[in-house]
Amino acid sequence: MSRVYAAFRSIGAYAPKNILSNEDLEKMVDTSNEWILKRTGIKERRIASKDESTSDMAVEAAKKAIDRANLSKEDIDLVVCATISPDFFNMPSTACVIANKLGINNVQAFDISAACSGFVYALSVAKAFIESGMKKNILVIGAEKLSTIVDYQDRTTCILFGDGAGAAIISATLDKDEAIIDVRASADGSYQDFLITPAPGAVNPPSQEILDNRLCYMKMKGNETFKIAVKTLTSDVKEILEKNNIKSEDITHFVPHQANYRIIKAVGDALKLKEEQIVLTIAKYGNTSAASIPMAINEIYEEGKLKRGDLMLLDTFGGGLTWGSALIPFAPSKND
Ligand code: ACO
């Protein structure tokens, strides 16, 4: 029997219309446009409206991805959604809600919780499901309404995050040239307090104290996370390239998680990447956690820069701590 590979067929994304600029944040907390730009590279981020949920944004991104893969909803046999801002804590999963809104019924659907690494984690799952022969067309989503878990009284976090969604179709192929080359995903829970939403959960069930102490919002040890991110990402991307015998000049698009321009620059410099190889969306979207990488891939797709056979290197780092990388040729369906 011929071997089955996983192909990255298509991409779609959705960004809410409402813009929260650095100047807007200056009026909310003790910060400045200069500080935010210099330390992070962020100019503005998008914020979903009150009646726009994580699943609503995901559905818009997913419709584009399904359409661009020349598939219909009936072809999808697995829905995986990476998110840390699900529609509901903790059931039903956002993937179930999305599948229902799309009219994809009676297929497996589940969420992945790996913070900013969620999309790469979801890709590793999709690749394994396809290569094992269990599924044929998987809808992989990263979607976040982070504005619901961001504390807009905490200047150390509220300047970083935004809302949005991205989606991709991963399909079975017999053509080895189309195959996702490698996906790496790792975690170290000993740093679990570096990025944490303390409540609600089994450790801190709902109480008045949680609201009083603002424990339902994201807390981050930013500077400590920054240092580990640079070190870990640099060694992870070097290892994935070495293991697969690929040189950094062979990478068409380096698509890093958009957490901080300084982290992206440090990793890019370590790989000696040229400016035109690096995909940057951080200035206009900020950090959208699991949505950031698919939103960035969508950006180059819609600008006409992503072509069949282009090699993408993804890298990501987030709460858990979790991190990962992936080597992916873009493989739209052949009749495109
Ligand atoms: N405006 C003005 N000053 C500020 C702000 C702000 N918004 N935030 C912090 N400061 C101050 C601090 O209080 C501190 O002041 P002090 O020197 O008087 O104590 C000073 O600026 C420096 O603070 P640091 O935290 O050391 O600043 P740093 O250069 O590390 O930048 C940042 C902070 C942007 C958060 C950075 O550390 C970072 O990007 N960390 C990594 C984030 C990340 O990658 N997270 C993983 C993904 S997110 C996820 O998984 C959900």
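In short, a report on the structure.

The rules we used
- Going along each chain's sequence as written, the residues are numbered from 1 onward.
- Local features are withheld for residues below a pLDDT of 70 in this predicted model, meaning they are given only at 70 or higher, and side-chain atom pairs are given and counted only at 80 or more; totals for whole chains, interfaces and linings count all residues.
- To get the side-chain values, all heavy atoms of the structure are used, and hydrogens and water are removed first.
- Helix and strand assignments follow DSSP, with helices taken as H or I runs no shorter than four residues and strands as E runs no shorter than two, numbered in order from the N terminus.
- A radius of gyration in this sense is built from C-alpha atoms; the matching globule rule multiplies 2.2 Å by the number of residues raised to 0.38.
- Only protein chains enter the area calculation, which uses a 1.4 Å probe; residues under 20% of their type maximum are buried, those over 50% are exposed, and those in between are partly exposed.
- Any two residues whose heavy atoms approach within 4.5 Å at even a single point are treated as in contact.
- Accessible surface area values rest on a Shrake-Rupley calculation with a 1.4 Å probe, where residue burial reflects the displayed protein chains alone.
- For the purpose of counting charges, residues Lys and Arg are taken to be positive, whereas Asp and Glu are taken to be negative. His and the chain ends are not included.
- In this description, the location of a charge corresponds to atom NZ of lysine, CZ of arginine, CG of aspartate or CD of glutamate.
- In protein, a polar contact requires one atom able to donate a hydrogen and another able to accept it; more generally it is a pair of N or O atoms within 3.5 Å, and residues adjacent in sequence count only if both atoms are side-chain atoms.
- Near residues are defined by distance, with any heavy atom within 4 Å of the molecule or strand qualifying the residue.
- The nonpolar class holds Ala, Val, Leu, Ile, Met, Phe, Trp, Tyr, Cys and Pro. Asp, Glu, Lys and Arg form the charged class, and all remaining residues, Gly among them, are polar.

Side note on the overall build of the chain
Broken down by element type, the chain carries eleven helices and 13 strands. Here the chain has a C-alpha radius of gyration of 19 Å; the compact-globule value for 336 residues is 20 Å, and the two agree. When each of the 336 residues of the chain is scored for burial, the buried share is 55%. A sequence separation of at least 24 residues applies to 77% of the contacts in the chain between residues at least 6 apart. As displayed, the chain offers around 14900 Å² of accessible surface, 51% of which is attributable to carbon and sulfur atoms. Charged side chains of the chain number 39 positive and 44 negative; the gap between the two group centres comes to 2 Å.

Some details on the environment of Ser21
Counting through the fold element by element, Ser21 comes out in strand E2 (residues 19–21). On the accessibility criterion, Ser21 (12% relative accessible area) is buried. A C-alpha to C-alpha distance of 20 Å links Ser21 and Met218, two positions 197 residues apart in sequence. Contact partners of Ser21, with chain neighbours within four places excluded, come to Lys43, Glu44 and Arg45.

Brief notes about the environment of Ser55
As for its placement among the helices and strands, Ser55 is situated in helix H3 (residues 54–68). Those residues within four positions of Ser55 in sequence are excluded, and the remaining contacts are Asp87, Thr94, Val97, Ile98 and Lys101. Among the polar contacts listed, one links the side chain of Ser55 to the side chain of Asp87, at a separation of 2.5 Å.

Brief notes about the site of the ligand
Every one of the 27 residues lining the ligand counts as a neighbour, but Thr31, Arg39, Cys116, Asn223 and Asn260 are closest to it. Contact distances for the ligand include 2.7 Å between a nitrogen atom and a side-chain N or O atom of Thr31. Here an oxygen atom of the ligand sits 2.8 Å away from a polar atom, N or O, in the side chain of Asn223. The fraction of the free accessible surface of the ligand (1000 Å²) that becomes covered by protein chains is 75%. Counting only elements with at least two residues in the shell around the ligand, the list comes to helix H2 (33–40), helix H6 (155–158), helix H8 (222–243), helix H9 (261–270) and strand E12 (311–318). If one sorts the elements of the shell around the ligand by residue count, H8 sits on top with four residues. Here the shell around the ligand is built from residues that sort into twelve nonpolar, eleven polar and four charged.

Some thoughts on unusual backbone geometry
Residue Phe89 is joined to Asn90 through a cis peptide bond whose omega torsion reads 0°. Along the polypeptide, Asn90 turns up in the loop between strand E4 (78–82) and helix H4 (94–102). The omega angle of the peptide bond from Met91 to Pro92 is -5°, so this bond is cis rather than trans. Positionally, Pro92 belongs in the loop between E4 and H4. The backbone phi angle of Asn70 is positive, close to 55°, even though this residue is not glycine. Relative to the assigned elements, Asn70 resides in the loop between H3 and E4. In this model, Ala115 sits at a positive phi of 50°, which is unusual for a non-glycine residue.

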